[in-house]
Amino acid sequence: MWNGNNQTEYRPIKRILVKHPRDAYGNQANADANWKDLGYPAPVSYDKVTREFEAFVGILEKFVPTISYLPASEGTGLDSLYTHDPIVPTNKGIIMMNMGKPQRRNEAKAMEKYFEAEGIPVIGWVESPATHEGGDSVWLDDHTLAMAHSFRTNEQGAARMRALAGGDFEVLSYGLPYWNGPEECLHIMSFISPVDKDLAVVYSKQMPIPFREELVRRGYKFVEVPDSEYATFGPNVLAIAPRVVVIPSGNPKTVEGLKTAGCEVYEYPAEDITHKGGGGPTCLTRALIRE
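Below you will find a few notes about this structure. Note that the coordinates shown come from a computational prediction; the quantities given were computed from them, not determined experimentally.

Cut-offs and rules
- Residues numbered from 1 in each chain as written.
- Predicted model: local features only at pLDDT ≥ 70, side-chain atom pairs only at ≥ 80, totals over all residues.
- Heavy atoms only, no water.
- Helix = DSSP H or I, 4+ residues; strand = E, 2+ residues; numbered from the N terminus.
- Buried < 20%, exposed > 50% of the residue type's maximum accessible area, 1.4 Å probe, protein only.
- Contact = heavy atoms within 4.5 Å.
- Areas by Shrake-Rupley, 256 points an atom, 1.4 Å probe, with all protein chains shown as cover.
- Lys, Arg positive; Asp, Glu negative; His and termini not counted.
- Charge placed at Lys NZ, Arg CZ, Asp CG, Glu CD.
- Pairing = 2+ DSSP bridges.
- Axes fitted to C-alpha atoms, helices over the stretch in contact; angles between N-to-C directions.
- Phe/Tyr/Trp six-rings, centres within 6.5 Å; stacked < 30°, edge-to-face > 60°.
- Core = buried A, V, L, I, M, F, W, Y, C linked by side-chain atoms within 4.5 Å.
- Arc of directions from axis to C-beta.
- Polar contact = N/O pair within 3.5 Å; in protein donor to acceptor, adjacent residues only side chain to side chain.

Overview of the overall build of the chain
Phase 1: A count of helical and extended segments in the chain gives 8 helices and 15 strands.
Phase 2: Based on the C-alpha atoms only, the size of the chain along its principal axes is roughly 50 × 40 × 40 Å.
Phase 3: Within the chain, the proportion of its 291 residues that are buried is 57%.
Phase 4: Here the analysis covers contacts within the chain between residues at least 6 apart in sequence; of these, 68% occur between residues at least 24 apart.
Phase 5: Accessible surface, the chain: about 11,700 Å² in total, of which carbon and sulfur atoms supply 50%.
Phase 6: Positive and negative side-chain charges in the chain, numbering 30 and 38 respectively, have mean positions lying 2 Å apart.

Spelled out as structure tokens, the structure:
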């Protein structure tokens, strides 16, 4: 069954998609052979990633009725642990991505097979030469998708999303800063996580001015992430429900800001799975159905 308001970042999650490290990593030898090629800053421990993942899922289990696990698939690797990026769910079905990172290009095909088996509708693909990664899209409201023009997502990607929207939602596009260059992943969700209809966690230094102005116009208030907590993925916050959030450990000032804004905050150990692997709680999940 495919129903719910899936064009949102904050409504209560009814079904969420994750992938266990055993099905993404396989083993330590595979992690040792591939972490450098994928751009990780240091080697990752398979055992530690597994412990951190299970602690993270333990939080989800308290709130999310259905946690679905993506199976292992030939041709995918360590990065497939981060199920957010290969797709964008909409109210009518899934849009499949053409990933900008070459090492991740097979992940969407693997997901499409899973969705077919589960009876989940796929409404179309972002196809080459268009590129788009799910982390470069964020729902501002139920009918507005903000997209980035980044090193991972091009303007053809935004044009393709507008075509697939079919008038069901509006697509806004914003150019991102160069920041640290093409070797580092900078998505639009690297610096914003909406946690309610009018509240977002942000790292303002990376925000395009027109994008910030649009958020202000819509009445958003901000929990500002300090410089000291950007590298520990302070801006990467998953809203399980309005103002019920999960954040990587090591971000005390952002946690304090969230609690001051009335949020219920849960932290998970994040050293290898997030700080080294490069994916926070939004990256580790894809909410398939929200209320």
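So that's the structure; there's more coming.
What to know about the sheet that holds strand β9 (residues 192-196)
Phase 1: Ordered in space as β9-β10-β11, the 3 strands form an open sheet in which the pairing is mixed. The strands lining the two open edges of the sheet, one partner per strand, are β9 and β11 (221-224). Direction aside, neighbouring strands of the sheet carry axes that sit 30° apart on average.
Phase 2: Examined bridge by bridge, strand β10 (residues 199-202) and β11 share 4 bridges and lie parallel to one another.

A closer look at the packing of aromatic side chains
Phase 1: Considering all chains together, one arrives at 12 aromatic pairs under this definition.
Phase 2: Both rings, one in Phe151 and one in Tyr178, keep their centres 5.6 Å apart while their planes meet at 80°; by these two values the pair is edge-to-face. In this pair, Phe151 is assigned in the loop between β7 (144-149) and α5 (155-165) and Tyr178 in the loop between β8 (170-175) and β9, connecting sequence segments 27 residues apart.
Phase 3: Judged by relative accessible area, which is 57%, Tyr178 ranks as exposed.
Phase 4: A centroid spacing of 4.6 Å and a plane angle of 25° characterise the contact between Tyr203 and Tyr230, whose relative ring orientation is stacked. Of the two residues, Tyr203 is situated in the loop between β10 and α6 (209-217) and Tyr230 in the loop between β11 and β12 (238-241); the sequence distance between them amounts to 27 residues.
Phase 5: In this structure Tyr203 comes out as buried when scored by relative accessible area, which is 6%.

What about the nonpolar core?
Phase 1: Residues Leu140, Ile188, Phe191, Ile192, Val195, Phe211 and Leu258 are the most contacted members of the largest nonpolar core, which totals 34 residues.
Phase 2: Contributions of two or more residues to this core are made by β6 (137-141), β7, β8, β9, β10, α6, β13 (244-248) and α7 (252-260).
Phase 3: When residues in this core are grouped by element, the largest group, 4 residues, is from β10.
Phase 4: When near neighbours in sequence (up to four residues on either side) are disregarded, Leu258 contacts Val201, Val223, Val245, Ile247, Cys263 and Val265.
Phase 5: Of all hydrophobic cores here, the second largest spans 33 residues; its members include Leu81, Ala241, Val246 and Ala270.

Examining α6
Phase 1: Burial in α6 covers these residues: Phe211, Glu214 and Leu215. Within α6, the buried residues cover an arc of 100° as seen down the axis, which keeps them to one side. Relative to its buried face, α6 has exposed residues pointing more than 90 degrees away, namely Ile209, Glu213 and Arg217.
Phase 2: On its buried side, α6 packs onto β6, β7, β8, β9 and β11.
Phase 3: One or two positions beyond α6, positive phi appears at Gly219, with a value near 90°.

Observations regarding the side chain of Thr83
Phase 1: Residue position: Thr83 is located in the loop between β2 (66-69) and β3 (87-89).
Phase 2: A polar contact is formed between the side chain of Thr83 and the backbone oxygen of Leu284, at a distance of 3.4 Å.
Phase 3: Separated by 3.4 Å, the side chain of Thr83 and the backbone nitrogen of Arg286 make a polar contact.
Phase 4: Beyond its immediate stretch of four places on either side in the chain, Thr83 contacts Leu17, Val18, Lys19, Leu70, Met111, Cys283, Leu284, Thr285 and Arg286.

Focus on the sheet that holds β3
Within a beta sheet, neighbouring strands are joined by backbone hydrogen bonds and run either parallel or antiparallel to one another.
Phase 1: The mixed open sheet is built from 3 strands, whose spatial order is β3-β4-β5. The open sheet terminates on both sides in strands that have one partner only, identified here as β3 and β5 (122-125). Pairs of neighbouring strands in the sheet enclose a mean axial angle of 20°, with direction left out of account.
Phase 2: Pairing analysis gives 3 bridges linking β3 to strand β4 (residues 94-96), with the strands arranged antiparallel. Looking at the pairing, Pro89 lines up with Ile94 of β4.
Phase 3: Running at roughly 150° to β5, α5 makes contact with β3, β4 and β5 of the sheet.

Description of α7
Phase 1: Buried within α7 we find Thr254, Val255 and Leu258. One side of α7 carries all its buried residues, which in axial view fall inside an arc of 100°. Away from its buried face, by an angle of more than 90 degrees, α7 presents the exposed residues Pro252, Lys253, Glu256 and Thr260.

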